[in-house]
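Here are the chains, one letter per residue:
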Amino acid sequence: MTLKFLIALTGLLFFAATAIAGPNLLWTQYAQANGVLKLTAHTDADPLNPEEATAGLLIKVGDEWEVAAEAEVEALTAMAAFRVEGWDNSKAFQYRVICGDSKLEGTIRAEPKADGGVLKLAVLACIKDEFFPQTNAVQHVIDQDPDLLFFGGDQFYESNAGGEVVFTESEADIPAAMANVLAKWRKFGLMFKELLKDRPSLMITDDHDVYAKDLWGRGGIRMPGDRTTGGYWMEPEWVNLSERLQTWHLPDAAHPGPWGDGIYAYYTSLNYGGVSFALLEDRKFKSAPAEVLDQPVSDPEARQPARNMEVIEWAAFDAAKLDQPGLQLLGEKQEKFVADWAKDVEKSGNLAAVLSQSPYANVGNYQPHYGDMDSNGWPQSGRNRALRAIVPSQAVMLCGDIHYGTLFQNGIDNWGDGPWTFSVPGFTSNQNRRWKPSVEPQGGAVEGVEGSGNHHDRFGNKMTLVGKADGYKGYGMAFFDKDKREITLDIHLFDDAREPVEDRVPGWPRVIKVD
């Protein structure tokens, strides 16, 4: 019996003995970059009745299990967060997480080789639990065998887990609000546990993940008035904890802060398998409608005045006038971050993707003539600065948010001079927006795709639409072919029962050549 084996055995016995009555492990999620493995193990612990518990992460080396890290189960997030420095990304390892008599196992994949081959990325967003656990839909993703996962936000909604929402009026409300959000978060984790356990995942949060219906974060401030004044409705510490659940395992944040009234940022970047990724937060620093309007824009001939300040319902109103040079989308520091990232990508020659919450155009609306300031088509100046920063990378932009599968190329000064965007359909959420312009395209129309070609969105932004998936749910795949220097974007569709179907819609797959 070797000394190494004795150490490992001692560790196993320690984690089993210290918390026999501890919480049950539910699922794991992980990512690795820059020689660091970060893995979170999520449990059923109760924030309202916290108990001390320790979890252990063990790695199988040869025939033996070695203790790689241990972590306390956090009282409010009910998760154990493991960080392992000096990670060997060239090999695949089996792992095991132990907490008391509860155990989970999975595989840390070897990072795909940077030179040559195809990196496969699955893109999912907008997940409700009304069809939980969507077994066939999740298996459909597993069957694609993606190398990497991207969850683009709205991993849950306020309506999930029965629909009750506990808001915070003070820090004293945080434990109850965490117990509330964990019920929703656990439905997500249990739905995707088999997908998450054996491959790395990247996650970002959107408005519903922090109990906001639309979000203009204004640099992480607490909301000073109604929601169109911007900021966060919930206590900053609760926001941090809710985002920690989903994003702690990401590579370390570029500029964590705290920002504003104490809210942290997680935007970051990584190179994985020879592909460069930037993960952005296009809500947290965004300007709010109340910075340019003091009342809703009403059609003078309408029977009733408009009620929602963020939605421009008056078809004749020139929404381009709502822009101002000082308005923010990403914020100055995040803009510089993505500009520096894009220059590094240009020098490296890597294929690249920008992962964010929502498209940088008002491509989907509840009525065709509406202009929605929740879209990243506004503010136009902030949108254009962000796109100019991204252009040198030749990255594709991947996102969710609008429950609508769309594929288009952004225009900045001219049609076709900006990045391509693929907004994936909701994995569960119904499509409740559409793209149906009232004017003919100025060139670039695609046969069989209504509303395709060169258009201006409601805020005057240029965009060239080549695909839309009206009426479908589903998810997306991105294939980064490093030999051919091509990025292929494809869509997988679900029917109203959230079951996979073999239907195809015009526009996909789309092959994008990278110089």
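Presented here is an overview of the structure given in this document. Not measured: the values here are computed from a predicted model.

Scoring rules and cut-offs
- Residues numbered from 1 in each chain as written.
- Predicted model: local features only at pLDDT ≥ 70, side-chain atom pairs only at ≥ 80, totals over all residues.
- Heavy atoms only, no water.
- Pairing = 2+ DSSP bridges.
- Helix = DSSP H or I, 4+ residues; strand = E, 2+ residues; numbered from the N terminus.
- Axes fitted to C-alpha atoms, helices over the stretch in contact; angles between N-to-C directions.
- Contact = heavy atoms within 4.5 Å.
- Salt bridge = Lys/Arg side-chain N within 4 Å of Asp/Glu carboxyl O.
- Buried < 20%, exposed > 50% of the residue type's maximum accessible area, 1.4 Å probe, protein only.
- Phe/Tyr/Trp six-rings, centres within 6.5 Å; stacked < 30°, edge-to-face > 60°.

## Some thoughts on the sheet that holds strand β19 (residues 453-456)
- Taken together, the eight strands give an open sheet; going across it, the order is β11-β12-β14-β16-β18-β17-β20-β19, and neighbouring strands pair in mixed fashion. Where the open sheet ends on each side, the last strands, each with one partner, are β11 (268-272) and β19. This sheet shows a mean twist of 25° between the axes of neighbouring strands, independent of strand direction.
- In terms of strand pairing, strand β17 (residues 406-411) meets strand β20 (residues 462-468) through six bridges, oriented antiparallel. Bridging from a neighbouring strand, Phe 408 pairs with Leu 465 of β20.
- Along the sheet, helix α6 (residues 380-390) contacts β14 (351-355), β16 (396-399), β17 and β20; its crossing angle with β17, the most-contacted strand, is approximately 90°.

## Considering the pattern of salt bridges
- All chains considered together, the criterion is met by 26 salt bridges.
- For Asp 145, the salt bridge goes to Arg 199, with nearest N and O atoms at 3.4 Å. With Asp 145 in the loop between α2 (135-143) and β9 (148-151) and Arg 199 in the loop between α3 (174-196) and β10 (201-203), the pair connects residues that are 54 residues apart, well separated along the chain.
- On the accessibility criterion, Asp 145 (36% relative accessible area) is partly exposed.
- Notably, a salt bridge pairs Asp 413 with Arg 388, separated by 2.9 Å at the nearest N-O pair. Separated by 25 residues along the polypeptide, Asp 413 in the loop between β17 and β18 (420-423) and Arg 388 in helix α6 bring together distant segments of the chain.
- Each member of the salt-bridge network shares a partner with another, and the members are Lys 38, Arg 83, Glu 85 and Asp 252.

## Quick notes on the packing of aromatic side chains
- All chains considered together, the criterion is met by 20 aromatic pairs.
- Their ring planes at 65° and their centres at 5.4 Å tell us that Trp 27 and Trp 185 sit as a pair that is edge-to-face. Placement of the pair is Trp 27 in strand β1 (residues 25-33) and Trp 185 in helix α3, with a sequence separation of 158 residues. The burial state of Trp 27 is the same as that of Trp 185; both residues are buried.

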